[in-house]
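Descriptive structure summary
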Amino acid sequence: MLGTRSMKGTRPRGIVLHLALIGGVLLSLFPFYWTVVMSTHTTSEIFQFPPKLLPGSHFGENVSALFDNVDFFGSMLNSLIVAGSVTFLVLFFDSLAAFVFAKFHFPGRRALFVIMMGIFMVPAQLQAIPQFVIMARIGWIGSLTALVVPAAANAFGIFWMRQYMKRAIHDELMDASKLDGCGFLRQYWHVALPVVRPGLAFLGIFTFMGQWNDYAWPLIALVNPDQVTLQVALSQLNGVHGTTDYGMVMTGALLALIPLLIVFAVGARQMIADLAKGAIR
């Protein structure tokens, strides 16, 4: 009887919880749906009241206008090169540094970690001027190298992977690898990386999205308006005195979302699969 009563009591709460989750999902998806709707209408239709809630028939015209006004694919290629290169370098350097901080004891470890956390707290805007001066003296201003090299490692990634490795990699596993004759690099490659793949998947998604959506530093560093990243190129679509073609702008924003959705789907699938394997083990 008690079991039956408890099951009856949990059913309404489960239904309410599922309805709340469904409502949250719909609210989260609405901005994306609204972007799709606006990308299929003209500017005059977008500002109509009541607003149009269903897709229109001007998507092809907006795409054609977008390609005529900016080098969309060239800018997307630049963004892919920058975001992909930075993501790869961050995953390598941050995980390597985090592995040292998490599992090895050396003089000055705590002091270095405190300094790194202090750097983590410095706003990115304060780094723009000295970073620009350094890049200008090296001669990298105007090239994609100025976007990749300064972002090749960051304090957040090291902190995140250090915290993850401290819990995921047990000391007994490290001791066993030492008994088997593994050196530092073999411990990193064969012991640490297979265990922390979910953490790497999250860091990869986070880094790629941050670099893909970065606007301020590419706007400063890429002085040639014909060779810019996608976000800077899309900003050139904004006209003055109310002359912006919002249908074209929203079409550009919609097409720019596609690589992000692909990266998120692949990374999230890898993260969930690795977590499930860990749960089974």
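Above this text sits the structure in question.
Since the model is a prediction, treat every value here as computed from it, not as a measurement. (Residues numbered from 1 in each chain as written. Predicted model: local features only at pLDDT ≥ 70, side-chain atom pairs only at ≥ 80, totals over all residues. Heavy atoms only, no water.)

Each pocket or cavity is described by its volume, and for the largest pocket that value is around 1,000 Å³. Taken together, 31 residues form the lining of the largest pocket, with A124, Q127, A151, N154 and Q211 sitting closest to its centre. Sorting the residues of the lining of the largest pocket by element identifies α4 (72-103), α5 (109-120), α6 (124-138), α8 (155-168), α11 (197-212) and α12 (216-221) as the ones contributing at least two each. In terms of residue count, α6 provides more of the lining of the largest pocket than any other element does, five residues in total. (1 Å grid on protein atoms, 1.4 Å probe; cavity = no way out; pocket = protein on both sides within 12 Å on 5 of 7 lines; lining within 4 Å. Points joined across faces, edges and corners; volume = space filled by probe spheres on them. Helix = DSSP H or I, 4+ residues; strand = E, 2+ residues; numbered from the N terminus.)

This part takes up helix α3 (residues 59-69). Taken residue by residue, α3 has N62, V63 and L66 as its buried positions. Viewed end-on, α3 has its buried residues packed into an arc of 100 degrees, placing them on one side of the element. Away from its buried face by more than 90 degrees, α3 exposes E61 and D68. (Buried < 20%, exposed > 50% of the residue type's maximum accessible area, 1.4 Å probe, protein only. Arc of directions from axis to C-beta.)

Moving on, we come to the packing of aromatic side chains. This model, assessed by the stated rule, comprises 20 aromatic pairs. Here F30 and W34 contribute two aromatic rings whose centre-to-centre distance is 6.1 Å and whose plane-to-plane angle is 15 degrees, an arrangement assigned as stacked. Here F30 pairs with W34, and both are found in helix α1 (residues 2-38), just four residues apart, close to one helical turn. With a relative accessible area of 44%, F30 lands in the partly exposed category. W34 sits in the partly exposed class, given a relative accessible area of 22%. Seen from their ring centres, F101 and F113 are 5.7 Å apart, and the 65 degrees between their planes marks the pair as edge-to-face. (Phe/Tyr/Trp six-rings, centres within 6.5 Å; stacked < 30°, edge-to-face > 60°.)

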